[in-house]
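Overview (structure and organization)
Okay, here's what each chain looks like letter by letter:
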Amino acid sequence: MGGSKVDIKTSVESARLTPKKIALYAAIAAFLIAAPVYFQAVGNVFMVRIFALVGIYVMLALGLNIVVGYAGLLDLGYVAFYGMGAYSGVLLGYAWQRIVGGADAPLAGLSYWVLLPLAALMAALTGIALGTPVLRLRGDYLAIVTLGFGEIVRIALQNDAFGLTNGAAGLPRVGESIVPAAGQKWVFMHLSTSTFTFSKDLFWYVIVVALCLLTIFVIRRLDNSRLGRAWVAMREDEVAAAATGVNIMTTKLWAFSLGAMWGGIAGITYAYWVGFISPESFNFMESVLIVCMVVLGGMGSIPGSVVGAVIIAGLPEIIRGLAQSTALSRFLTPEQASRIGDYRFLIFGGLLVVMMAFRPQGILPSTRRARELTAEDVIVEEENVDMWEVEHKHDLPHKL
Amino acid sequence: MHFNIADVPQQLVNGLTLGGMYALIALGYTLVYGILLMINFAHSEMFMMGAYFGLMWLKVLSKQSFFTSSGAGLIALYAVSILLAAIMTGTLGVLIERFAYRPLRHAPRLAPLISAIGVSLFLQNAILLWVSSRSIPFPIKFPVYQYTLARDPSGSLAFTVLGATEKLADKLGQGAHAIVQFSTLQIMIIVVTLVLLFVLDTFVSRTKLGKAMRATAQDRDTAGLMGVDINRIIAITFFIGPAMGAVAGIFSGMYYGNIKYNMGFIPGIKSFTAAVLGGIGNLRGAMLGGFVLGMAEALASGFISTAYKDVIAFVILILVLIFRPGGLLGESVVEKV
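Just so it is clear, the model here is predicted, and its values are computed rather than measured.

Conventions we followed
- Residues numbered from 1 in each chain as written.
- Chains lettered and ligands numbered in written order.
- Predicted model: local features only at pLDDT ≥ 70, side-chain atom pairs only at ≥ 80, totals over all residues.
- Helix = DSSP H or I, 4+ residues; strand = E, 2+ residues; numbered from the N terminus.
- Buried ≥ 20, exposed ≤ 12 C-beta atoms within 10 Å, placed from the backbone.
- Contact = placed C-beta atoms within 7 Å.
- Rg over C-alpha atoms; globule rule 2.2 N^0.38 Å.
- Domains from an automatic or database assignment.
- Nonpolar A, V, L, I, M, F, W, Y, C, P; charged D, E, K, R; others polar.
- Axes fitted to C-alpha atoms, helices over the stretch in contact; angles between N-to-C directions.
- Parallel < 35°, antiparallel > 145°, perpendicular 65-115°, else oblique.
- Left-handed = near helix turned anticlockwise from the far one by under 90°.
- Pairing = 2+ DSSP bridges.
- pLDDT = per-residue confidence, 0-100.
- Core = buried A, V, L, I, M, F, W, Y, C linked by C-beta atoms within 7 Å.
- Expected span 1.5 Å × (residues − 1).

A look at the overall build of chain A
Regarding its fold elements, chain A presents 15 helices and zero strands. By the burial criterion, 44% of the 400 residues in chain A qualify as buried. Across chain A, contacts joining residues at least 24 apart in sequence account for 77% of those joining residues at least 6 apart.

Shown next, in the form of structure tokens:
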């Protein structure tokens, strides 16, 4: 069919930096730096928070994209890993406070930095622990089992599992605290001017963006690695992949645990930024939203996941924010503006259906995935016509 | 919680009621899966929509004096409401199949599942935004009795019927204790469920249409070549499943006394568990799975912990999928190349 040839060509092309691409990246970078700084300068902290929140969702979407997009395993309980990262981050934070001698000790602020890899590891191990028994299941069974797992985790958190999670009231309990990360105070002291405060939210925005860039870098490297190609092969045809020497179990487990790891990183970052977590942040709807981000953007595509996350997490908030900041008040009453937020799930639901019917490859699809989802039948038909013409060339009436 | 053997019969009765509802919903999952190999994620919303349609018809019809003037009228009120709600929900199911799933019949398997999640989100939020975000009381206009088997103070067995406000001690004397109680609602739910299950089973195993359904489930393409109208069979499947789900939804509304836009999610997942437990694609398996799961859950919430009762179904699901992926009555499926 010639599909593989096209893929090699495009992947080489996409690696090359054309001037157009450099300009695009520069514009995005300028926006990502300028916009939050501007909003901070005019005192609109709400918008800075939204930028950071969207960043968290970008990370989650990219992480889930490994599982759903590359490896083709539908995980409907991804939020369990997000929650695992958040709760283990906070709980291990208490242990860290005890080690260094209390929340006011000089080293207490290091807890986020020390625990970031630990929370990631915890989430990844959870992924392996869940994945080992269930990854043998066929696709849609896996979806339901992961959904069940996500619910079990949420119910356990809600019921104060092992006396650790404080139930629906969330963490930290009264009298306990999540110590602000080291650096937060420093930037506030040294980078603020008389007119500009380097706020906590801006600080976390910077960290989130850095983590997003790291995520993108790692996933790009994975994409064309041996493992990345094994994922795609497995997604396309598990039996054929196994026959050509791909160890299905190991490959799936890598996808599952790497995806879970980014969930964990996003979780601990969210917990230390917001300073409070409760089981309600980790419910099933959240998992569905992250799946929507990946699907809407284009499964298996890095820019797709980013765009999907920006649209789904950002757009309703931005509209609501704009409506409050009087920019849109000429067109919308405040009630209408807040109604838009209420309608988002309805619209996403409809959008998912329409999207699957008309553009199953998503907004910014990966080349490979787009061909797989749409072009196949057309190509086969065309080829058949060609073959028919070749075979019947001599039977055709020659009009000369 | 203390394990008290004397509570077992009552928990089993509760479990039977719950199991009947699970079985009715599970049918929809198993029929669709049998024919399209697809988890109809939106099926839990059919259960929810059925309850809302039922409530709507109850409200509309109870304005007619015919339905409220006599006991027979009251029975007719509920029977007609349930029937109309089932037809409406069935039609909704057919429409959803036509517009959301049929275009994806040859798409990769993730596509219809995601589409179904979309439908589910859409319906839930349509009810949330356009009807109510709160739970709505579901009226019961007929008297509910407790049919009670008890031991009277002297220790001998006694059977008595209690009204809504009557107490066992007043009827049989101080010191009497109930062994097992059936409420009017429970009897109605269990009886109607069993009748529906029997009718459906007969339909699928005895009629020509049922035969066509089984043929389609076995091999869609070949069945098509033998003259079965595949689209029609799929449409019928998508009518029956949601219609049965709607009946379960109305029962759930009557049993628990209220309905809410998100009421479908948990029963939906549990019924899917029931379908998998019995062997997905297998009709009798789904019925058996529903009752087994209902009983297991009632016993577990009675003797282990009510807080974790929702976890039990998920744990059963995961264990079944790992150790007996074919289910209780299902055969193991070999991955086709």
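Remarks on the overall build of chain B
On a plain count of helices and strands, chain B comes out with 13 helices and five strands. A globule of 337 residues ought to have a C-alpha radius of gyration of about 20 Å, and chain B, at 21 Å, matches this closely. Put simply, chain B has 337 residues, and 46% of those count as buried. Considering only residue pairs separated by 6 or more positions, chain B has 73% of its internal contacts joining residues 24 or more positions apart.

Some remarks on the domain arrangement of chain B
Residue and element names in this part refer to chain B. In terms of domains, chain B is made up of domain 1 (5–142 + 182–323) and domain 2 (146–181). The straight-line distance from the C-alpha centre of domain 1 to that of domain 2 is 35 Å. Taken together, the contacts link five residues of domain 1 with five residues of domain 2. Tallying contributions element by element places helix 1 (residues 8–36) first for the side of domain 1 that touches domain 2, with three residues. Of the residues contributing to the side of domain 1 that touches domain 2, the split by class is three nonpolar, two polar and no charged.

With respect to the packing of helix 4 (residues 79–100) of chain A against helix 5 (residues 111–134) of chain A
Residues and elements named next belong to chain A. Look at helix 4 against helix 5: their axes get within 8 Å of each other, and the N-to-C directions meet at 135 degrees. Considering the angle they form, helix 4 stands oblique to helix 5. Considering only the axes of helix 4 and helix 5, their crossing is right-handed. Side by side, helix 4 and helix 5 meet where Phe81, Met84, Gly85, Ser88, Gly89, Leu92, Gly93, Trp96 and Gln97 of the first sit next to Ser111, Val114, Leu115, Leu118, Ala119, Ala120, Met122, Ala123, Thr126 and Gly127 of the second.

A closer look at the sheet that holds strand 3 (residues 157–162) of chain B
All names here are of chain B. Taking strand neighbours across the sheet as the criterion, the three strands line up as 3-2-4 in an open arrangement whose pairing is antiparallel. Looking along the sheet, the strands with just one partner apiece sit at the ends: strand 3 and strand 4 (177–183). Shown here is a sheet whose adjacent strand axes are inclined to one another by a mean of 20 degrees, direction ignored. Taken together, the six bridges between strand 2 (residues 146–151) and strand 3 define a ladder with antiparallel strand orientation. Paired with Gln146 across the strands is Leu162, a residue of strand 3.

A look at the interface of chain A and chain B
Every contact between the two is made by 32 residues of chain A and, on the other side, 34 residues of chain B. For the side of chain A that touches chain B, the secondary structure elements donating two or more residues are helix 5, helix 6 (139–158), helix 12 (284–297) and helix 14 (334–358) of chain A.

Looking at the confidence of the model for chain A
All names here are of chain A. A residue-level look at chain A finds 81% of positions with pLDDT of 70 or above and a mean pLDDT of 81. Confidence, expressed as mean pLDDT per element, reaches its minimum in chain A at helix 1 (residues 3–15) with 49 and its maximum at helix 11 (residues 248–274) with 94. Here residues 1–6 is modelled with pLDDT under 50, and outside its nearest four sequence neighbours on either side it reaches two contacts, counting other chains as well.

Remarks on the confidence of the model for chain B
Summary statistics for chain B give a mean pLDDT of 88 and a share of 97% for residues scoring 70 or more. At the level of chain-chain contacts, confidence expressed as ipTM amounts to 0.83, with global pTM at 0.81.

Remarks on the nonpolar core
If you look at the biggest cluster of nonpolar residues, it comprises 206 residues, and the most contacted ones within it are Tyr57, Ala61, Ala255, Cys292 and Met293 of chain A together with Ala23 of chain B. When residues in this core are grouped by element, the largest group, 19 residues, is from helix 3 (residues 45–70) of chain A. Every residue in contact with Met293 of chain A, bar those within four places of it in the chain, is listed here: Tyr57, Ala61, Ser305, Gly308, Ala309 and Ile312 of chain A.

Thoughts on the packing of helix 4 (residues 71–101) of chain B against helix 5 (residues 110–130) of chain B
All names here are of chain B. The contact between helix 4 and helix 5 brings their axes to 10 Å, and the two run at 130 degrees. Classified by the angle between their axes, helix 4 and helix 5 sit oblique to one another. Helix-helix and strand crossings are classified by hand; for helix 4 and helix 5 the assignment is right-handed. Along its contact with helix 4, which presents Ile96, Ala100 and Tyr101, the element helix 5 presents Pro112, Ser115 and Val119. Split by residue class, the contact of helix 4 with helix 5 holds five nonpolar, one polar and no charged.

Comments concerning helix 4 of chain A
Between the first and last C-alpha of helix 4 of chain A there are 31 Å, a value that for 22 residues agrees with the 32 Å anticipated at 1.5 Å per step. Positive phi shows up at Gly101 of chain A, right after helix 4 of chain A, with a value of about 95 degrees.

Brief notes about the environment of Leu135 of chain A
Turning to its location among the elements, Leu135 of chain A is positioned in the loop between helix 5 and helix 6. The contact partners of Leu135 of chain A, leaving out residues within four places of it in the chain, are Met249, Lys252, Leu253 and Phe256 of chain A.

Quick word on helix 12 of chain A
Residue and element names in this part refer to chain A. Taking 1.5 Å per residue, 14 residues should reach 20 Å; helix 12 reaches 20 Å between its end C-alpha atoms and fits that length. Extensive coverage of helix 12 is indicated by the burial of 11 of its 14 residues. Those residues of helix 12 lying buried are Ser287, Val288, Leu289, Ile290, Val291, Cys292, Met293, Val294, Val295, Leu296 and Gly297.

Observations concerning the environment of Asp104 of chain A
Along the polypeptide, Asp104 of chain A turns up in the loop between helix 4 and helix 5. In this structure, the C-alpha to C-alpha distance between Asp104 of chain A and Val179 of chain A, residues 75 residues apart in sequence, is 8.4 Å.

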